[in-house]
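# An overview of the molecular structure
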Amino acid sequence: MFDRALETADATALRNHQWRRVQTLAHAVTSANAFWTAKWRAAGLASAEDLRSWDDFARLPLISKRELVEDQAEHALFGTNLTYPLERYVRVHQTSGTTGTPLRWLDTQESWDWWARCWGFVLAGAGVRPGDRAFFPFSFGLFVGFWAGFEGARALGALAIPGGGQDSPARLAAMQTLGATVLVCTPSYALHLLQVAHERRIDAEKLPVRITVHAGEPGAGIPAVRARIETGWGARAFDHAGMTEMGAYGYECQAQAGLHVNESEFVAEVIDPATGAAAQEGELVLTNLGRLGSPLIRYRTGDRVRLASTPCVCGRTFLRVEGGILGRLDDMLIVRGVNVFPSAIEAIVRRFPVAEFQIEVSRDGELDEVRVLVEVDGGETGARRVQEGLRAGLGLRLEVAPVAAGSLPRFELKARRVVRR
Ligand SMILES: [Zn+2]
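The paragraphs below set out a description of the structure included in this document. Note that this is a predicted model, so its numbers are computed, not measured.

Taken as a whole and assessed by the stated rule, the structure comprises 24 salt bridges. Notably, a salt bridge pairs Glu7 with Arg316, separated by 2.9 Å at the nearest N-O pair. Of this pair, Glu7 sits in the segment before helix H1 (11-32) while Arg316 is found in the loop between strand S12 (299-306) and strand S13 (320-321), placing the two residues 309 residues apart along the sequence. One exposure class covers both Glu7 and Arg316, and it is buried. The partner of Lys39 in a salt bridge is Glu67, with the nearest N and O atoms 2.7 Å apart. On the criterion of sequence distance, the pair formed by Lys39 in helix H2 (residues 34-42) and Glu67 in helix H4 (residues 65-74) is long-range, its members being 28 residues apart. Overall, the relative accessible area of 18% leaves Glu67 in the buried class. Salt bridges sharing partners connect three or more residues here, namely Glu281, Arg304, Arg306 and Glu322.

Here we come to the nonpolar core. Ranked by size, the top nonpolar core spans 72 residues in total, and within it Trp119 and Tyr249 carry the most contacts. Tallying contributions element by element places helix H5 (residues 109-126) first for this core, with ten residues. Aside from chain neighbours lying at most four places away, what touches Trp119 is Phe146, Ala148, Gly149, Gly152, Val184, Val213, His240 and Ala248.

Below, the discussion takes up the coordination of the zinc ion. Around the zinc ion, the protein supplies Cys253 (SG), His260 (NE2), Cys312 (SG) and Cys314 (SG) as donor atoms, at distances of 2.1 to 2.3 Å. For His260, a relative accessible area of 0% puts it in the buried group.

What follows deals with helix H11 (residues 379-394). With 16 residues, H11 should cover 22 Å at 1.5 Å per step; its first-to-last C-alpha distance of 22 Å lies within 8% of that length. Taken as a whole, H11 has its buried residues at Gly382, Ala383, Val386, Gln387, Gly389, Leu390 and Leu394. Within H11, the buried residues cover an arc of 160° as seen down the axis, which keeps them to one side. In H11, the exposed residues that point more than 90 degrees away from the buried face are Glu380 and Ala392. Just past H11, the residue Gly395 takes up positive phi, approximately 70°.

Here is what the cut-offs are and how they apply
- Residues numbered from 1 in each chain as written.
- Predicted model: local features only at pLDDT ≥ 70, side-chain atom pairs only at ≥ 80, totals over all residues.
- Heavy atoms only, no water.
- Salt bridge = Lys/Arg side-chain N within 4 Å of Asp/Glu carboxyl O.
- Helix = DSSP H or I, 4+ residues; strand = E, 2+ residues; numbered from the N terminus.
- Buried < 20%, exposed > 50% of the residue type's maximum accessible area, 1.4 Å probe, protein only.
- Core = buried A, V, L, I, M, F, W, Y, C linked by side-chain atoms within 4.5 Å.
- Contact = heavy atoms within 4.5 Å.
- Donors = N, O, S within 2.8 Å, 3.2 Å for Na, K, Ca; no water.
- Expected span 1.5 Å × (residues − 1).
- Arc of directions from axis to C-beta.

Treat this as a map of the structure, not an account of what it does.
This is the structure:
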C-alpha cells in the first residue's frame, strides 16, 4: 500500500524520487489546471518542459491561502485549482472555516488513496500495527480532519473504529467494549475524555490504549500537555501535522524528537517569510506530490518551524523540524476550541469607530481566553456593538472592554496588538 523504504533513503535517491513526481505533477497541471497554468504563465513558465531543474522549481511563485480563498470566491463552488472534469472527483471536504469562508477541497479516487497512504506513515511512525484497534472520536462531517486518518488505519491493516454521533461517555464505553488500543483525536479532546473518565470513575490508564495520535492543535508537541495525556491514558502520545488543503505531511517517530516531514509525498522548504530566501528557521513551504487533481505547489503553510541540524536516531532521513510546529506566523488563537486569527478579530473591530485596540490573551488550562480592549466612540455602548459584531462574525462571545482614548500603545512599524498575560 505504501513504500516506507523511502523513509531511510539517501538524499540523492529521495531527491530523484521527488523530481520524477514533480515532473508528473507539472505535466498534469500545465495542460489542464487553470489555476496553475495562470500562476506559472505569469511567472514566465509556459509549459512543463520549462521546468528543468530544482533552480527552476525555486523560481515558481509562492502561493498563499488568501489566493485560494479569493479564487474560490471568484469561481464558485470549487475555484479553478482543478486538473480534471468535476466527474473525476469522489470526495468533497472543507477547512474548519471558523474564521470566515471555509475552503472547499475535492479529491479524486487516486488522491483519496494518497491521503490514506500519508496517514499510514503517521500511524506507522507512532507504532500502530495491523491488529491494533484505532478509535476515532470525530464527528465525520464536512471537515476533513480525521476522515483521512480513518482511511490510514484501514490502509495500514489496523481495525478502524468510527466514534461519530456519540457523546463522550458513549465513546468511552465503545473504547472499553471494543478494546481500542489507539486513540486518534485533538490533544484537548484526549484531555477532555480523561476528565469525563475521571467523573465516571473509569480508570483510563487501565484501558488497553497504548498509543495516542494527535492533530489539529499543537498540544501533543507541548511537553506539559503530552505528559498529561501520556500519564492519564497510560500510553505514548504522538504529534502529527496536516492541513485540509495540503494533506497529512508531518509525523513523529519513536524518538519523539520533533516532526518528520514526509518527503516521499511532499517537497518541503523553509523560508524567511519576509524575503522568501531559504532559512533554517522560518515559514514551512510545501508541495504535495500525490494530489494531482487539486495540488498545492510551493504553498505557504503559515507554520513556523526550525529545521533540525542532526540526523534523527530513528534512522529516517526525512527532514525533521524541532519542537514540531512552533506556531502560526499570524499567531492563531484557540478560544473555546475555535481557531481565531487576530487578523480576523481586527477585520471586525475595524468596522467600528475604534481608534486603537489590543487583544489580551490569557491561558485557561489548555485554551486561550481573549479580552479585547477598545478605544471606541460611545464607551460601553460602542464596546457592546463591537462585541455583537465579533459574535456575528466569529460565532464567539468575547469580552470587549472600553478603555480611555489614547491609553493603548500606538505603533509606527509592525504592530503588536496581541498581548499575552
Ligand atoms: Zn525520527
